[in-house]
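Chain by chain, the residues run as shown.
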Amino acid sequence: MSDHEVAPVLRIKGRVLVGPDEVKDGLWAVDGRITYERPPGADGVPTLTGWVLPGLVDAHCHVGLGHQGPVDAATSEKQALADREAGTLLIRDAGSPSDTRWVDDREDLPKIIRAGRHIARTRRYIRNFAHEIEPGDLVAYVAREARRGDGWVKLVGDWIDRDAGDLTACWPRGEVEAAIAEAHRLGARVTAHCFAEAALRDLVEAGIDCIEHATGLTEETVPLFAERGVAIVPTLVNIATFPGLAEAGEVRYPRWSAHMRRLHERRYETVRAAYDAGIPIFTGTDAGGSLAHGLIAEEVAELVKAGIPAIDALSATAWGARRWLGRPALEEGAPADLVVYDEDPRADVRVLASPRKVVLNGRVMG
């Protein structure tokens, strides 16, 4: 089959991982949808063989964002294609200044769940990335992005405070409570970028749904997250950049640099503590900005390195992640978005780095 060729009927033979412990012997894609019943006239149709997972999820990804801010459609397309080739077929775009709605019309690009544009405190985030506002405007901007997004809003919960010389919380508790309540009233969930410790309790007690990075979790806040069911997306492939950032900022901000090194040093311990406490954990690469797209296999491997069992690390990018985002996996009638591998990824998650074939909307890609 040629690249992107439509197969009205496609057969997948082998082992279909419908869930962590549920395996079926094969499936069919008919007009882009999954069925487990053999369709009429299916003899001689194109066939793929191997181990099958639902299309992977990158729950913290930025299509349309480059290291200096928004990028053009051609660059956004390259980003999305890099994710697709890695097997990522569902993206939660955790903040982008670009309008990527045109992607929804492309049958050959991953599906995107958008959180609108980041909302940050004035001069407290990366230039050209976010709406930069003061606390009095937070509720209005959250409402705006809730209406623009796909059920998510993204706050910048902490960032370096140049006067303090370290990471500090960006928003007063009262404004955060009102903003999250407004998002929930509009049917949107709220997540927040947080590297440090200081902002976490207020955000969780204010009703936030998710925290990105979450390197600042402590013995005091881990139980609070678990009790409230607040998810985390650790982005460990991004946290790996902390030592380099710390070195670059050493002269001007020595306190911040030391703090970033401490957060990096305990990153695996932090993630494992969250897992042991029952906090929901999902995969995200933080692609866009300074990180390359297509790193989802590396992120899953990092979760395993942190001590999360392989089957749960897989669920964090497959069945569990799709359920959390309200999207189907390999159910009857679901879009035929799946990845085929040569070996069982449950036995070794490194298999994810080498997909044999990627199928999106019933089409074999590349």
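Structure shown above.
Because the structure is predicted, anything quoted here is derived from the model rather than measured.

Trainee: Sorry, what's going on with the overall build of the chain here?
Mentor: Per the secondary structure count, the chain includes 12 helices and 20 strands. With respect to the principal axes defined by its C-alpha atoms, the chain has extents near 70 × 40 × 35 Å. Burial statistics for the chain: of 366 residues in total, 56% are counted as buried. Charge separation in the chain, taken as the distance between the mean sites of 44 positive and 56 negative side-chain charges, equals 2 Å.

Trainee: Please clarify how the environment of E22 should be interpreted in this entry.
Mentor: As for its placement among the helices and strands, E22 is situated in the loop between β1 (9-17) and β2 (23-30). Exposure remark for E22: the relative accessible area of 41% places this residue in the partly exposed category. Among residues more than four places away in sequence, those in contact with E22 are V16 and L17.

Trainee: Hey, could you run me through the packing of aromatic side chains in this one?
Mentor: The geometry of an aromatic ring pair comes down to the distance between the two centres and the angle between the two planes. Across all of its chains, the model carries 6 aromatic pairs by this definition. Pairwise contacts between aromatic rings join Y125, F129, W159, F195 and F242 into one cluster. The side chain of K24 reaches across the aromatic face of Y36, ending 4.1 Å from its centre. The ring of W152 carries R92 above its face, with NZ or CZ at 4.6 Å from the centroid.

Trainee: Explanation requested: the packing of helix α2 (residues 138-148) against helix α3 (residues 173-185) in the structure shown.
Mentor: For any two helices packed against each other, the geometry comes down to the angle between their axes and how far apart the axes lie. At their nearest, the axes of α2 and α3 sit 9 Å apart, and the two run at 25° to each other. Taken together, the axes of α2 and α3 lie roughly parallel to each other. Considering only the axes of α2 and α3, their crossing is right-handed. Judged by residue contacts, L138, V139, V142, A143 and R147 of α2 engage E175, V176, A178, A179, E182, A183 and R185 from α3. A breakdown of the residues in the contact of α2 with α3 according to their chemical character gives 8 nonpolar, no polar and 4 charged.

Trainee: How should I be thinking about the sheet that holds strand β19 (residues 357-360) in this particular structure?
Mentor: By way of backbone hydrogen bonds, the strands of a sheet pair with one another, either parallel or antiparallel. Strands sit in the order β3-β2-β1-β4-β18-β19-β20 across an open sheet of 7 strands; the sheet is mixed. For this open sheet the edge positions go to β3 (33-35) and β20 (363-365), each flanked by a neighbour on one side alone. For this sheet, the mean inter-axis angle between neighbouring strands, taken without regard to orientation, is 40°. As paired elements, strand β4 (residues 47-54) and strand β18 (residues 338-341) share 4 bridges and run antiparallel to each other. If you follow V52 over to β18, its bridge partner there is V340.

Trainee: Even after reading the chapter, I still don't get the nonpolar core, so can you show me in this structure?
Mentor: One recurring pattern in soluble globular proteins is that nonpolar side chains are buried together. Membership of the largest hydrophobic core comes to 80 residues, with the highest contact counts inside it found for L138, I208, I211 and F225. Here I208 is in contact with I180, V190, T191, A192, L203 and V230, once residues within four sequence places are set aside. Counting residues in hydrophobic clusters, the runner-up holds 16 residues, among them L27, L48, L330 and L338.

Trainee: Just to check I follow, could you spell out the side chain of D58 for this structure?
Mentor: As for its placement among the helices and strands, D58 is situated in strand β5 (residues 56-66). Here D58 is buried and forms no salt bridge, its nearest opposite-charge partner R92 lying at an N-O distance of 7.8 Å. At 3.1 Å, the side chain of D58 and the backbone nitrogen of H60 are in polar contact. Within the structure, D58 has its side chain in polar contact with the side chain of T285 (distance 2.6 Å). Non-local contacts of D58, meaning those with residues more than four positions away in its chain, are made with T88, L90, I91, R92, T283, G284, T285 and I296.

Trainee: Where do I start with the pattern of salt bridges in this structure?
Mentor: When their charged atoms lie close together, side chains carrying opposite charge are able to pair. Throughout the structure, instances matching the rule amount to 26 salt bridges. In this structure, D108 engages R106 in a salt bridge whose closest nitrogen and oxygen atoms are separated by 2.8 Å. Two residues, D202 and R173, come together in a salt bridge whose shortest N-O distance is 2.9 Å. Residue D202 is found in helix α4 (residues 200-205), and its partner R173 is found in helix α3; the two are separated by 29 residues along the sequence. You can call D202 partly exposed: its relative accessible area is 30%. Residue class for R173 comes out partly exposed when judged on its relative accessible area of 28%. Overlapping salt bridges bring together R173, E177, R201, D202 and E205 as one network.

Reading the values: the criteria
- Residues numbered from 1 in each chain as written.
- Predicted model: local features only at pLDDT ≥ 70, side-chain atom pairs only at ≥ 80, totals over all residues.
- Heavy atoms only, no water.
- Helix = DSSP H or I, 4+ residues; strand = E, 2+ residues; numbered from the N terminus.
- Buried < 20%, exposed > 50% of the residue type's maximum accessible area, 1.4 Å probe, protein only.
- Lys, Arg positive; Asp, Glu negative; His and termini not counted.
- Charge placed at Lys NZ, Arg CZ, Asp CG, Glu CD.
- Contact = heavy atoms within 4.5 Å.
- Phe/Tyr/Trp six-rings, centres within 6.5 Å; stacked < 30°, edge-to-face > 60°.
- Lys NZ or Arg CZ within 6 Å of the ring centre and 35° of its normal.
- Axes fitted to C-alpha atoms, helices over the stretch in contact; angles between N-to-C directions.
- Parallel < 35°, antiparallel > 145°, perpendicular 65-115°, else oblique.
- Left-handed = near helix turned anticlockwise from the far one by under 90°.
- Nonpolar A, V, L, I, M, F, W, Y, C, P; charged D, E, K, R; others polar.
- Pairing = 2+ DSSP bridges.
- Core = buried A, V, L, I, M, F, W, Y, C linked by side-chain atoms within 4.5 Å.
- Salt bridge = Lys/Arg side-chain N within 4 Å of Asp/Glu carboxyl O.
- Polar contact = N/O pair within 3.5 Å; in protein donor to acceptor, adjacent residues only side chain to side chain.

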